[in-house]
Amino acid sequence: MAMLEVKNLEVYYGKIKALHGLTLSVEEGEIVSLIGANGAGKTTLLTSIMKQIPSVGSISFMGQDISKMATMDIVNLGMTMVPEGRRVFVRTSVEDNLLLGSYSRKDKAEVKKDLQMVYDMFPRLLERRKQLAGTLSGGEQQMLAMGRALMSRPKLLLLDEPSMGLSPKLVGQVFDTIKQINQAGTTILLVEQNANQALKIAKRGYVIETGEIMLSDDANKLLNDPKVKEAYLGG
Ligand code: ATP
């Protein structure tokens, strides 16, 4: 059984159908990348999995039907999303942003250990722990958003376009960090327009076009697929 199983997911915005019965799965331990153009439905998929918007279809996580659960309960089960555009609290300190990621946890001694783990992974955040998050660069805010998500100790992390708006050097750092998070034991579903880098770090990939999965395969096969090359990898 897969860790995350999405079957026949449909999402409407008013009369507009944004997802057309989408099916996808993520196995424990994998990085799975979902690539697709602007407006293909990537954010819609992640926000509907997290139950932030209504959908029809089945979603199960760790063998449990989560399609009727509240977002907070899904987070407590072990699935957390890093939203597009990071959404850190700009007038709050770096450390308080991180602690907000753990606020529903009762195991405070373990929270302290996880804070240390996040600072070990992102030394820059430790240096800036007392600064307001709004004073961080875009790359640092992305690190903060990922660190905050890790503070909920997720088994599965959903990442929505983490490389968006970052310089090429920072993009490389963000993808290295994603690999590192995965190697430390967190399963990852990564949504990206940067298809090349996203497929390079993934085990498997899906291609989404106008709300439908058009292709799914091992990531290295997708990287060498002529159709994928032409449409998503710059020929
Ligand atoms: P992007 O990279 O721009 O975030 P995406 O692949 O994540 O693109 P979505 O944001 O999921 O795509 O959008 C899928 C479709 O649903 C698009 O046609 C978009 O215009 C539409 N859409 C998204 N959000 C809404 C909304 N709140 N109301 C109406 N239509 C929406």
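Reading the values: rules and limits
Residues numbered from 1 in each chain as written. Predicted model: local features only at pLDDT ≥ 70, side-chain atom pairs only at ≥ 80, totals over all residues. Heavy atoms only, no water. 1 Å grid on protein atoms, 1.4 Å probe; cavity = no way out; pocket = protein on both sides within 12 Å on 5 of 7 lines; lining within 4 Å. Points joined across faces, edges and corners; volume = space filled by probe spheres on them. Helix = DSSP H or I, 4+ residues; strand = E, 2+ residues; numbered from the N terminus. Nonpolar A, V, L, I, M, F, W, Y, C, P; charged D, E, K, R; others polar. Buried < 20%, exposed > 50% of the residue type's maximum accessible area, 1.4 Å probe, protein only. Lys, Arg positive; Asp, Glu negative; His and termini not counted. Salt bridge = Lys/Arg side-chain N within 4 Å of Asp/Glu carboxyl O. Polar contact = N/O pair within 3.5 Å; in protein donor to acceptor, adjacent residues only side chain to side chain. Contact = heavy atoms within 4.5 Å. Core = buried A, V, L, I, M, F, W, Y, C linked by side-chain atoms within 4.5 Å. Pairing = 2+ DSSP bridges. Axes fitted to C-alpha atoms, helices over the stretch in contact; angles between N-to-C directions. Near = heavy atom within 4 Å. Areas by Shrake-Rupley, 256 points an atom, 1.4 Å probe, with all protein chains shown as cover. Parallel < 35°, antiparallel > 145°, perpendicular 65-115°, else oblique. Left-handed = near helix turned anticlockwise from the far one by under 90°.

(A) The layout of surface pockets, seen in detail. Its volume calculated, the largest pocket comes out at about 620 Å³. Contributing to the lining of the largest pocket are 26 residues, with V75, T80, M81, G101 and S152 lying nearest its centre. Counting only elements with at least two residues in the lining of the largest pocket, the list comes to α2 (71-77), β6 (79-82) and α6 (138-150). In terms of residue count, α2 provides more of the lining of the largest pocket than any other element does, five residues in total. Broken down by class, the residue content of the lining of the largest pocket amounts to twelve nonpolar, eight polar and six charged. Together, 14 residues line the second largest pocket, and R153, P154, A184, G185 and T186 are the ones closest to its centre.

(B) Spotlight on the side chain of K51. When you line up the elements, K51 lands in the loop between α1 (42-49) and β4 (56-61). Buried charge without a partner: K51 forms no salt bridge, and the closest opposite charge is D65, 7.9 Å away. Reaching out from K51, the side chain makes a polar contact with the backbone oxygen of S67 at a distance of 3.1 Å. If sequence neighbours within four positions are ignored, K51 has contacts with I59, I66, S67, M69, T71 and I74.

(C) Examining the nonpolar core more closely. Core analysis: the biggest nonpolar cluster contains 43 residues, and L125, M146 and I178 have the highest contact counts within it. The dominant element in this core, judged by the number of residues it contributes, is α6, at six residues. Beyond its immediate sequence surroundings of up to four residues, M146 is in contact with V82, F122, L159, V174, T177, I178 and I181. L34, I59, L158 and Y206 belong to the second-largest nonpolar core, a separate cluster that totals 29 residues.

(D) Summary view of the sheet that holds strand β7 (residues 156-160). Here we have six strands laid out as an open sheet, ordered β6-β7-β8-β3-β9-β10, and mixed in their pairing. Sheet topology places β6 and β10 (212-218) at the edges, where each strand pairs with a single neighbour. Pairs of neighbouring strands in the sheet enclose a mean axial angle of 15 degrees, with direction left out of account. Sheet topology places β7 next to strand β8 (residues 187-192); five bridges connect them, and they run parallel.

(E) Representation of the site of the ligand in the model. In the region of the ligand, 13 residues are neighbours, and N38, G39, K42, T43 and T44 sit closest. A distance of 2.7 Å is found between an oxygen atom of the ligand and a backbone nitrogen or oxygen belonging to T43. Between the ligand and E84 there is a distance of 3.2 Å, counted from an oxygen atom to a side-chain nitrogen or oxygen. Taken by itself the ligand offers 630 Å² of open surface, and the protein chains cover 60% of this. Of all the elements, α1 adds the most residues to the shell around the ligand, at three residues.

(F) View of the pairing of β7. Across the five residues that make up β7, a large majority, five, are buried. Of the two faces of β7, the one lined by L156, L158 and D160 and the one lined by L157 and L159 are each fully buried. When β6 meets β7, the two strands line up parallel, connected through four bridges. Its bridge partner being in β7, T80 is matched across the sheet by L157.

(G) Here's a closer look at the pairing of β10. Examined bridge by bridge, strand β9 (residues 204-209) and β10 share six bridges and lie antiparallel to one another. Bridge pairing in β10 places Y206 opposite S216. A loop of two residues connects β9 with β10, the two strands running antiparallel in sequence, and T210 in this loop sits at a positive phi of about 35 degrees.

(H) Spatial organisation of the side chain of S67. With respect to the element layout, S67 can be found in the loop between β5 (64-65) and α2. Among the polar contacts listed, one links the side chain of S67 to the side chain of D65, at a separation of 2.6 Å. Apart from the residues lying within four places of it in its own chain, the contact partners of S67 are K51, G57 and I59.

(I) Structural detail: the packing of α6 against helix α7 (residues 168-183). Two numbers describe how α6 lies on α7: the axes approach to 10 Å, and their chain directions differ by 15 degrees. Viewed along their axes, α6 and α7 adopt a mutual orientation that is roughly parallel. Where α6 crosses over α7, the handedness of that crossing is right-handed. Facing α6, whose interface residues are G139, Q142, M143, M146 and L150, α7 presents L170, Q173, V174, T177, I178 and I181.

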